[in-house]
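# What the coordinates show
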Amino acid sequence: LTQRLRSRYGNAFGVVLLQQRIGSPFAEERIALSLRPGAKAVIREVALMAGQSPVILARSIIPHETVQYADPRLSRLGDQPLGEILFTHPELGRSTLEWSRVTLRAPWEAQSVMGRRSLYTLSQSFPLLVAEFFLPELLKEKA
């Protein structure tokens, strides 16, 4: 996805870190990752940008064990795209892909957007969850 956005928007593509912290995932995220109650993970929320306009909102949940196995830099990415570290990993596989329509809350202007959630594993044992929400700006014709 990052490569496609870079190809489409060129130097106007960027990542804005909205939040990154160690915390407890939502219950459905914990279940999807097979984590025990109270388990902590890196929770990262970003906006993928085309210039000053967000085109995708993303939320990643990376359990501590996955960070340690894959690359400790995953816990301090800042404005760097997750894909630049993770998706070059030779043992990465996607085990599930779910699509859903969701309603975003303020401050986002979009009422209802499509989203997808992917469960990835590294070496078939270390999971991470990535949810992406596609904003209407993404569907506009590129000028």
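The structure under discussion appears in the preceding block.
Notes on the structure follow. Worth saying up front: this structure is predicted, and the values here are computed from it rather than measured.

About the cut-offs
Residues numbered from 1 in each chain as written. Predicted model: local features only at pLDDT ≥ 70, side-chain atom pairs only at ≥ 80, totals over all residues. Heavy atoms only, no water. Buried < 20%, exposed > 50% of the residue type's maximum accessible area, 1.4 Å probe, protein only. Helix = DSSP H or I, 4+ residues; strand = E, 2+ residues; numbered from the N terminus. Arc of directions from axis to C-beta. Pairing = 2+ DSSP bridges.

### Let's talk about helix 1 (residues 2–9)
Given 3.6 residues per turn, any residue in an α-helix points the same way as the ones three and four places further on. Within helix 1, burial applies to Thr2, Leu5 and Tyr9. Projected down its long axis, helix 1 shows its buried positions confined to an angular sector of 65°, all on one face. Exposed side chains of helix 1 directed beyond 90 degrees from the buried face belong to Gln3, Arg4 and Ser7. Downstream of helix 1 by a residue or two, Gly10 has a phi angle that is positive, lying close to 60°.

### Notes on the pairing of strand 6 (residues 126–134)
The buried count for strand 6 comes to seven of nine residues, which makes it a mostly enclosed element. Relative to strand 6, strand 3 (residues 53–63) runs antiparallel, the two sharing six bridges. Each bridged residue has a counterpart across the sheet, and for Ile61 the counterpart in strand 6 is Leu129. For strand 5 (residues 112–122) and strand 6, the ladder comprises nine bridges, and the chain directions are antiparallel. What sits directly across from Thr121, in strand 6, is Pro127. From the end of strand 5 to the start of strand 6, which pair antiparallel, there are three residues, and Ser123 there has a positive phi angle of about 55°.

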